[in-house]
Amino acid sequence: QVQLVESGGGLVQAGGSLRLSCAASGRTFSWYNMGWFRQAPGKEREFVAYIRWSGDNISYADSVKGRFTISRENAKNTVSLQMNSQKSEDTAVYYCAANTNSGRSVVTTTSYDYWGQGTQVTVSS
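Since the model is a prediction, treat every value here as computed from it, not as a measurement.

Asker: How should the overall build of the chain be read in this particular structure?
Answerer: On a plain count of helices and strands, the chain comes out with zero helices and 11 strands. Beginning at the N terminus, the succession of helices and strands in the chain can be written as β-β-β-β-β-β-β-β-β-β-β. Taking 14 Å as the expected radius of gyration for a compact globule of 125 residues, we find that the chain reaches 13 Å, a close match to that expectation. The principal-axis extent of the C-alpha atoms belonging to the chain is close to 40 × 25 × 25 Å. Sorting the 125 residues of the chain into buried and exposed places 39% on the buried side. Long-range contacts, defined as pairs at least 24 residues apart, comprise 58% of the intrachain contacts of the chain with a sequence gap of at least 6. Only carbon and sulfur atoms are counted for the fraction: they give 46% of the accessible area of the chain, which is about 6,200 Å². When the 12 positive and 9 negative side-chain charges of the chain are each reduced to one mean point, those points stand 3 Å apart.

So this is what it looks like as structure tokens:
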């Protein structure tokens, strides 16, 4: 089992940047594929970005491609999400998630076994 804790959320103006981090503890972090999701008020939780345990497979939602960058440091048990050129529609609670099965779909919430508590990101226009 792994425990996940997100940090780095806050208030940012449109066009600005934020960097989210997710710290993992428990079992060996390098075994886990990691994803970032977000949930805006009144909407379903949606996929944002994914990085495979080895770092050699990365994918993004079309809505963030070219603006967000996911990365991981297995030695530090962390995964990060660099968010640039932010838009008001990026406002949401952001969650990191983990699984150990690389065969699962990376974009569905049910593919992930562990979740953090979330961190709020608010983009003001």
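Asker: Would you mind showing me how to read the pairing of strand E4 (residues 33–39) here?
Answerer: Each regular strand carries side chains that alternate between the two faces of the sheet. In terms of burial, E4 is a largely internal element, six of the seven residues being buried. The pairing of E4 with strand E9 (residues 92–99) spans seven bridges and is antiparallel. Counted as the bridge partner of Arg38 is Tyr94 from E9. Across five bridges, E4 lies against strand E5 (residues 46–51) in antiparallel orientation. Each bridged residue has a counterpart across the sheet, and for Phe37 the counterpart in E5 is Phe47. The turn linking E4 back onto E5 is made up of six residues, and Gly42 within it adopts a positive phi angle of 75 degrees.

Asker: For this particular structure, what's the right way to read the nonpolar core?
Answerer: Most often, soluble globular proteins have nonpolar side chains that are buried together. Membership of the largest hydrophobic core comes to 32 residues, with the highest contact counts inside it found for Met34, Trp36, Leu81 and Tyr94. Secondary-structure elements contributing two or more residues to this core are strand E1 (2–7), strand E3 (18–26), E4, E5, strand E7 (68–73), strand E8 (78–83), E9 and strand E11 (119–124). If sequence neighbours within four positions are ignored, Tyr94 has contacts with Glu6, Leu20, Trp36, Phe37, Arg38, Val48, Phe68, Leu81, Met83, Gly118, Thr119 and Val121.

Asker: Please clarify how the state of the cysteines should be interpreted in this entry.
Answerer: Formally, a disulfide is one covalent bond, and it connects the sulfur atom of one cysteine to the sulfur atom of another. Counted according to the given criterion, the structure contains one disulfide. Disulfide partner of Cys22: Cys96, at an S-S distance of 2.0 Å. Judged by the torsion about the S-S bond (50 degrees), the Cys22/Cys96 disulfide is right-handed. One end of the pair, Cys22, is in strand E3; the other, Cys96, is in strand E9, with 74 residues separating them in the sequence. In this pair, the class of Cys22 matches that of Cys96, namely buried.

So, how was this worked out
- Residues numbered from 1 in each chain as written.
- Predicted model: local features only at pLDDT ≥ 70, side-chain atom pairs only at ≥ 80, totals over all residues.
- Heavy atoms only, no water.
- Helix = DSSP H or I, 4+ residues; strand = E, 2+ residues; numbered from the N terminus.
- Rg over C-alpha atoms; globule rule 2.2 N^0.38 Å.
- Buried < 20%, exposed > 50% of the residue type's maximum accessible area, 1.4 Å probe, protein only.
- Contact = heavy atoms within 4.5 Å.
- Areas by Shrake-Rupley, 256 points an atom, 1.4 Å probe, with all protein chains shown as cover.
- Lys, Arg positive; Asp, Glu negative; His and termini not counted.
- Charge placed at Lys NZ, Arg CZ, Asp CG, Glu CD.
- Pairing = 2+ DSSP bridges.
- Core = buried A, V, L, I, M, F, W, Y, C linked by side-chain atoms within 4.5 Å.
- Disulfide = S-S within 2.5 Å.

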